[in-house]
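# Working through the structure, step by step
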Amino acid sequence: MQTQDYQALDRTHHLHPFTDFKALGEEGSRVVTHAEGVYLRDSEGNRILDGMAGLWCVNLGYGRRELVEAATAQLEQLPYYNTFFKTTHPPAVRLAEKLCKLAPSHINQVFFTGSGSEANDTVLRMVRRYWALKGRPDKQWIIGRENGYHGSTLAGMSLGGMAPMHAQGGPCVPGIAHIRQPYWFGEGQGMSPEAFGRECAAALEAKILELGEDRVAAFIAEPVQGAGGAIMPPESYWPAVKKVLAKYDILLVVDEVICGFGRLGEWFGSQHYGLEPDLMPVAKGLSSGYLPIGGVLVGDRVAETLVEEGGEFFHGFTYSGHPTCAAVALKNLELLEAEGVVDRVREDLGSYLAERWASLADHPIVGEARSLGLMAALELVADKTTGQRFDKSLGAGNLCRDLCFASGLVMRSVGDTMIIAPPLVIRREEIDELVELARRALDETARRLTHAPHMQEEPTA
Ligand SMILES: Cc1ncc(COP(=O)(O)O)c(C=O)c1O
């Protein structure tokens, strides 16, 4: 089959996630056929540097034989069995043990799911169950953040703060409120990042008091907001949030679906920020995306109550702890550890990317270039001195993203924020190439946006 054949069938039969179906049908989807290391190949033979590690998940990079072999061996031995009804199997047991060894020391239990969204559904159930068991059934509210992302199931969407999703999803799960995000570039200009961070933490306390200090069960947040635009909070933010949560005895849920497994240079983003979460939903990098698997890492405080006082927990998934997915995840963690991948992000690649990425800050349409570990963002602006954004109708971010793709780089756009999160095995010279491709796309974006007749043009390959 040729590219057009795939595109025609795709248009006829396949509804893509987070996609304007009609627009994609008219444009035709890009057909990715192979991948190796940090590079994708499409059906036209183009080589594309995957600056997003798939969807923030291919931490070990593509083409790892060891993961294929782990899957094959497990498929031959026991392809599937469930973990309901008093049953377990070696891959689930071994993966649970491994995860608890890597996690902060107060975390010693794991509940497996098939994805990050299911992990956050599980979080909702566990948090409310915990407080009910504690004899405080009124403690039911969960506070999330505007522009936070926790998945696309009904619970995930409700915990997240993505306004367009709320608008389409019908009524959200009740008992979930949102506070402002610690997005200094977007919302905090005019004050120092540190003062802004404290102000955002104060918004948490204000919301707790508004809802009733005895009625708030948990606060959920990503260490660094990923899908919202690679938003690193000011350094003052997390310490202030921790204080507020302790004051009102509120559980902390740190969504590690993106930041977990090395993205910020520690096994978990919580460790980077010195957090002690009660619950940590994980997925994505857990298996480097080779097979779908997620879970919730449960801190002792919650686990002891659920175990000792809970009776049956009426929740679980057919694929909770799926043996083949678990075997691949275990091998993935072993490889990340044996190859020192996480340490390399912390000690070398994170600072190398930071330095190279910062070189883009001088570009005429870049208002800010920020990074942490192997996650980075560029804010596109029309006026560098005032930070004024481009007119929304110009679609600057999407234009830049399409130009990147056309020149061989996956860089994602969130509005006019460009983001990257490459595989953690990326090499220095590949980071150089990434930054070079990004600069070229910025140049071309600037050229098109400043030449009125070209403004609405689609980029060409
Ligand atoms: C922080 C966070 N939580 C949860 C999810 C949902 O994970 P999944 O798409 O595996 O359901 C995502 C997905 O991007 C995410 O970024």
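Worth saying up front: this structure is predicted, and the values here are computed from it rather than measured. (Residues numbered from 1 in each chain as written. Predicted model: local features only at pLDDT ≥ 70, side-chain atom pairs only at ≥ 80, totals over all residues. Heavy atoms only, no water.)

### Here's the deal with the overall build of the protein
The helix and strand tally for the protein stands at 17 helices and 15 strands. Compactness check: the protein gives a C-alpha radius of gyration of 22 Å against a globular reference of 23 Å for 461 residues, within 12% of the reference. Projecting the C-alpha coordinates of the protein onto the three principal axes gives extents of approximately 65 × 55 × 45 Å. Burial status across the protein gives 54% buried among its 461 residues. Of the contacts formed within the protein by residues at least 6 apart in sequence, a portion of 70% connects residues at least 24 apart. A total accessible area of about 20100 Å² is found for the protein, and carbon and sulfur atoms account for 53% of it. Treating the 44 positive side-chain charges of the protein as one cloud and the 60 negative ones as another, the clouds have centres 2 Å apart. (Helix = DSSP H or I, 4+ residues; strand = E, 2+ residues; numbered from the N terminus. Rg over C-alpha atoms; globule rule 2.2 N^0.38 Å. Buried < 20%, exposed > 50% of the residue type's maximum accessible area, 1.4 Å probe, protein only. Contact = heavy atoms within 4.5 Å. Areas by Shrake-Rupley, 256 points an atom, 1.4 Å probe, with all protein chains shown as cover. Lys, Arg positive; Asp, Glu negative; His and termini not counted. Charge placed at Lys NZ, Arg CZ, Asp CG, Glu CD.)

### A short note on the side chain of Ser288
Residue placement: Ser288 occurs in the loop between strand S9 (279–282) and strand S10 (294–299). Classification of Ser288 as buried rests on a relative accessible area of 0%. At a separation of 3.0 Å, a polar atom in the side chain of Ser288 contacts the main-chain amide nitrogen of Leu60. (Polar contact = N/O pair within 3.5 Å; in protein donor to acceptor, adjacent residues only side chain to side chain.)

### Comments concerning the sheet that holds strand S13 (residues 409–410)
Two orientations exist for strands paired in a sheet by backbone hydrogen bonds: parallel and antiparallel. Strand order across the open sheet formed by four strands is S1-S2-S3-S13, with mixed pairing between neighbours. Of all the strands in the sheet, just strand S1 (32–36) and S13 have a single pairing partner and so form its edges. Summarising the sheet, strand S3 (residues 47–50) and S13 pair through two bridges and their orientation is parallel. Residue pairing for S13: Leu49 is matched across the bridge by Leu409. Together, strand S2 (39–42), S3 and S13 form the strand contacts of helix H17 (residues 428–450), whose direction differs from that of S3 by roughly 105°. (Pairing = 2+ DSSP bridges. Axes fitted to C-alpha atoms, helices over the stretch in contact; angles between N-to-C directions.)

### Focus on helix H13 (residues 300–309)
Because each turn of an α-helix spans 3.6 residues, side chains separated by three or four positions end up pointing in the same direction. Residues Val302, Ala303, Thr305 and Leu306 constitute the buried set of H13. Axial view of H13: buried residues confined to an arc of 165°, hence all on one face. Opposite the buried face of H13, by more than 90 degrees, sit the exposed residues Val307 and Glu308. Its buried side turned inward, H13 meets strand S4 (107–113), helix H6 (116–133), strand S8 (251–254), S9 and S10. Among the residues trailing H13, Gly311 stands out with phi positive, at a value near 65°. (Arc of directions from axis to C-beta.)

### Brief notes about the domain arrangement of the protein
Domain boundaries assigned for the protein yield domain 1 (31–63 + 340–450) and domain 2 (66–338). Summarising the inter-unit geometry, the C-alpha centres of domain 1 and domain 2 are found 26 Å apart. Residue-level contacts link 35 residues of domain 1 with 34 residues of domain 2. When the two sides are added together, the surface that domain 1 and domain 2 hide from each other amounts to roughly 2600 Å², 62% of it contributed by carbon and sulfur. Interface area lost by domain 1 to domain 2 is led by Trp56, Leu372 and Met375, which between them contribute 25%. (Domains from an automatic or database assignment. Buried area = accessible area lost by both parts, 1.4 Å probe.)

### Some words on the nonpolar core
Within soluble globular proteins, side chains that are nonpolar tend to cluster in buried spots. With 69 residues, the main nonpolar core has Leu95, Trp357 and Met411 as its most contacted residues. Residue contacts for Trp357: discarding those within four places in its chain leaves Ala369, Arg370, Ser371, Ala376, Ala377, Leu378, Met411, Ile420, Leu434 and Val435. Ala201, Ala230, Ala240 and Leu245 belong to the second largest nonpolar core, which has 44 residues in total. (Core = buried A, V, L, I, M, F, W, Y, C linked by side-chain atoms within 4.5 Å.)

### Some remarks on the packing of aromatic side chains
A complete count under the given rule lists eight aromatic pairs for this structure. Centre to centre, the rings of Phe84 and Phe85 are 5.6 Å apart; their planes meet at 65°, and the pair counts as edge-to-face. A relative accessible area of 68% means that Phe85 is categorised as exposed. Arranged with centres 5.4 Å apart and planes meeting at 65°, the rings of Phe261 and Phe268 form a pair that is edge-to-face. (Phe/Tyr/Trp six-rings, centres within 6.5 Å; stacked < 30°, edge-to-face > 60°.)

### Remarks on the packing of helix H5 (residues 90–102) against helix H14 (residues 323–338)
Packing of H5 against H14 leaves a shortest axis separation of 8 Å and a crossing angle of 35°. Where H5 crosses over H14, the handedness of that crossing is left-handed. Two secondary-structure elements touch here, H5 through Pro91, Ala92, Arg94, Leu95, Lys98, Leu99 and Leu102 and H14 through Pro323, Ala326, Ala327, Ala329, Leu330, Leu333, Glu334 and Glu337. Across the contact of H5 with H14, the residue classes break down as 11 nonpolar, no polar and four charged. (Left-handed = near helix turned anticlockwise from the far one by under 90°. Nonpolar A, V, L, I, M, F, W, Y, C, P; charged D, E, K, R; others polar.)

### What about the state of the cysteines?
Summed over all chains, the structure comprises zero disulfides. Residue Cys325 stays outside any disulfide, its sulfur separated by 13 Å from that of Cys57, the closest cysteine. You can call Cys325 buried: its relative accessible area is 7%. Among the cysteines around Cys400, which has no disulfide bond, Cys404 carries the closest sulfur, lying 4.5 Å off. The class of Cys400 is buried, set by a relative accessible area of 0%. (Disulfide = S-S within 2.5 Å.)

### Description of the layout of surface pockets
What the second largest pocket holds in volume is close to 900 Å³. At the level of secondary structure, the elements contributing two or more residues to the lining of the second largest pocket comprise H5, S4 and H13. Among the elements that line the lining of the second largest pocket, the one with the most residues is S4, at five residues. For the lining of the second largest pocket, the residue count by class is 14 nonpolar, nine polar and two charged. (1 Å grid on protein atoms, 1.4 Å probe; cavity = no way out; pocket = protein on both sides within 12 Å on 5 of 7 lines; lining within 4 Å. Points joined across faces, edges and corners; volume = space filled by probe spheres on them.)

### Considering the environment of Leu204
Tracing the sequence through the fold places Leu204 in helix H10 (residues 193–211). When the C-alpha atoms of Leu204 and Gly54 are compared, they prove to be 33 Å apart, with 150 residues separating the residues in sequence. Once residues within four sequence positions are removed from consideration, Leu204 is found in contact with Ile143, Ile179, Phe219, Val241, Val244 and Leu245.

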